[in-house]
Amino acid sequence: MDVLNLKTVYFIGVGGIGMSAIARFFKQRGAVVRGYDRSTTELTAQLEAEGIDIHYSDDISLVDKAAELVVYTPAIPQDHSELNWYRSNNYPVYKRSDVLQWITQSMFAITVAGTHGKTTISTMISYLLRETGFGCNAFLGGVSVNYQSNYWSSSNQVAVVEADEYDRSFLKLSPDIAVLTAMDADHLDIYGTVEEMEAAFVQYTKNIKHNGTLLVKHGLSRASDLEASHKISYALQNDAADAYATNITQKDGGYVFDVVNKFGLIQDVRLNVGGMHNVENAIAAITVAQMLEIDRMAICEAMARFKGVKRRFEYIVKNERVVYIDDYAHHPEELSSLIKSAKRLFPNRRCVTVFQPHLYSRTRDLAEGFAHSLDMSDEVILLDIYPARESPVEGVSSELIAQKMGNPANTIMSKMALIDYVKAAPVDLLITAGAGDIDQLVNPVKEILEKK
């Protein structure tokens, strides 16, 4: 399908973070964009302000009968009336991943896959390409703090795409440069086993275009099975990798470091975002920019202005009295990196982590890992599991994590009880983490901490 010249596009689930980026793409190219979502959010309000017509009831009388393409997200239930009306009337109905496939086939594509870091790395790459004047079309799974958006465009026919492994959708992409960050166990409700998930990431590399490049985290399992005409490895500080950092120092809740790779040394890179894992993410993004022959000084200067991604080690409050960090972390490895980095940056503060588990299946499969990661906190507050697309599973609750924790300073609370806790307790380092609706607590908690 010639996606670059469509005039009317309809989205079912338009308010999703990935869907909204594609909706903005079509809108920016002059198409009439309309859509459905189940509820109003800050993001849908922004889309409506940009001229995208959205309604919030599943009603076939409200569909766009002139649509040349209908795009839906896998999160939409199969009994959705509008979705089935379009299908029964033979409209071209495709998943979001199909549209991204067409985009990556029609542009020079940089895709970022992996169970951790993909949102931050894809945002960093897109940001560097925009700030240095190279230009790109960015399709992100998070909101860039610099631009307050998950999408931006360019006349340069280059696309940067976050490659989502959920529902195997990333296997449709055709990258020129593919990044692979991690292959840890996740989405076992889809893949069944770790081995099956790893096989999908191997297949992702087989889709790299001829003469393309794979930038891969050093030391991944099955590294020898990963395929590409050119392979480059990256790591935080391991000089066995092709790209890595040296001379890392902490400064004002961020870092200064040098980047070493075959494209040339970049000294005194300043990253004003917390989390040592974000230094590693920056190594990957900077290496991609260097592959594209972008000037080293321009890269260095741009990185110093990078403000991060919303809900990725995001400083909500940061002063001498209290530090409040919010993060999307919903996997044990992500939680571990988050808590470890926060405690290293602020070693004299007592770390309280509030975690909302995401999905019953993930909690069941990874409960021990969650418990081990959360044990690094001085105190842990667990909220109830956010079910997302799932029905409850017998015997699976936040209590499952609490039972496996070694640190006895853990409590299961409701959201209202958490608000009362923040009002009453002396807190000097607070973390909220999770991929559910815990983000709705961020502003109320921020207000309390700033008033105290």
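Scroll up to find the structure this text is about.
Below is a summary of the structure that appears in this document. (Residues numbered from 1 in each chain as written. Predicted model: local features only at pLDDT ≥ 70, side-chain atom pairs only at ≥ 80, totals over all residues. Heavy atoms only, no water.)

Structural notes on the overall build of the chain
Consideration 1: A count of helices and strands for the chain gives 14 helices and 21 strands.
Consideration 2: Taking 22 Å as the expected radius of gyration for a compact globule of 452 residues, we find that the chain reaches 22 Å, a close match to that expectation.
Consideration 3: Based on the C-alpha atoms only, the size of the chain along its principal axes is roughly 60 × 50 × 45 Å.
Consideration 4: Each of the 452 residues in the chain was classed as buried or not, and the buried ones make up 58%.
Consideration 5: Carbon together with sulfur atoms contributes 46% to the accessible area of the chain, which is approximately 18100 Å² in total. (Helix = DSSP H or I, 4+ residues; strand = E, 2+ residues; numbered from the N terminus. Rg over C-alpha atoms; globule rule 2.2 N^0.38 Å. Buried < 20%, exposed > 50% of the residue type's maximum accessible area, 1.4 Å probe, protein only. Areas by Shrake-Rupley, 256 points an atom, 1.4 Å probe, with all protein chains shown as cover.)

Side note on helix H11 (residues 360-374)
Consideration 1: Between its first and last C-alpha atoms H11 spans 18 Å; for 15 residues at 1.5 Å apiece the expected length is 21 Å, and the helix comes up short by more than 12%.
Consideration 2: The largest bend in H11 comes to about 75 degrees, at Leu366.
Consideration 3: Those residues of H11 not exposed but buried are Tyr360, Ser361, Arg362, Thr363, Leu366, Ala367, Phe370, Ala371, Ser373 and Leu374. (Expected span 1.5 Å × (residues − 1). Bend = angle between axes of the 7 residues up to and from the residue.)

Considerations on the sheet that holds strand S14 (residues 254-260)
Consideration 1: Spatially, S13-S14-S15 is the arrangement adopted by the 3 strands of the open sheet, whose pairing is antiparallel. With one partner strand each, in any of the chains shown, strand S13 (244-251) and strand S15 (266-271) form the two edges of the open sheet. Mean inter-strand twist for the sheet, computed between neighbouring axes without regard to direction, equals 20 degrees. (Pairing = 2+ DSSP bridges. Axes fitted to C-alpha atoms, helices over the stretch in contact; angles between N-to-C directions.)

Remarks on empty space enclosed by the protein
Consideration 1: Taken as a whole, this structure holds 3 cavities of 30 Å³ or more when the rule is applied.
Consideration 2: Size it by volume and the largest cavity reaches roughly 50 Å³.
Consideration 3: Top element by residues in the lining of the largest cavity is helix H4 (residues 96-106). It accounts for 3 residues. (1 Å grid on protein atoms, 1.4 Å probe; cavity = no way out; pocket = protein on both sides within 12 Å on 5 of 7 lines; lining within 4 Å. Points joined across faces, edges and corners; volume = space filled by probe spheres on them.)

Section: the pattern of salt bridges
Consideration 1: In this structure the tally under the stated criterion is 17 salt bridges.
Consideration 2: A salt bridge links Lys118 to Glu165, with the nearest nitrogen and oxygen atoms 3.0 Å apart. Of this pair, Lys118 sits in helix H5 (residues 118-131) while Glu165 sits in the loop between strand S9 (158-162) and strand S10 (177-180), and the two are 47 residues apart along the sequence. Both residues of the pair, Lys118 and Glu165, count as buried.
Consideration 3: Here Arg168 and Glu196 are joined by a salt bridge, their closest N and O atoms 3.6 Å apart. Of the two residues, Arg168 sits in the loop between S9 and S10 while Glu196 sits in helix H7 (residues 194-206), which places them 28 residues apart along the sequence.
Consideration 4: For Arg168, a relative accessible area of 30% puts it in the partly exposed group. (Salt bridge = Lys/Arg side-chain N within 4 Å of Asp/Glu carboxyl O.)

Quick notes on the pairing of S13
Consideration 1: Sheet analysis places S13 next to S14, joined by 6 bridges and oriented antiparallel. Within S14, the position partnered with Tyr244 by the bridge is Val260.
Consideration 2: Between S13 and S14, which pair antiparallel and follow one another directly, the connecting turn spans 2 residues, one of which, Asp252, has a positive phi of 55 degrees.

Things to note about unusual backbone geometry
Consideration 1: The phi angle at Gln148 is positive, at roughly 55 degrees, despite the residue not being glycine.
Consideration 2: Since its relative accessible area comes to 40%, Gln148 is described here as partly exposed.
Consideration 3: Even without a glycine there, the phi angle at Glu293 is positive, about 65 degrees.
Consideration 4: By the element assignment, Glu293 lies in the loop between helix H8 (276-291) and helix H9 (296-303).
Consideration 5: By relative accessible area, Glu293 is classed as exposed at 73%.

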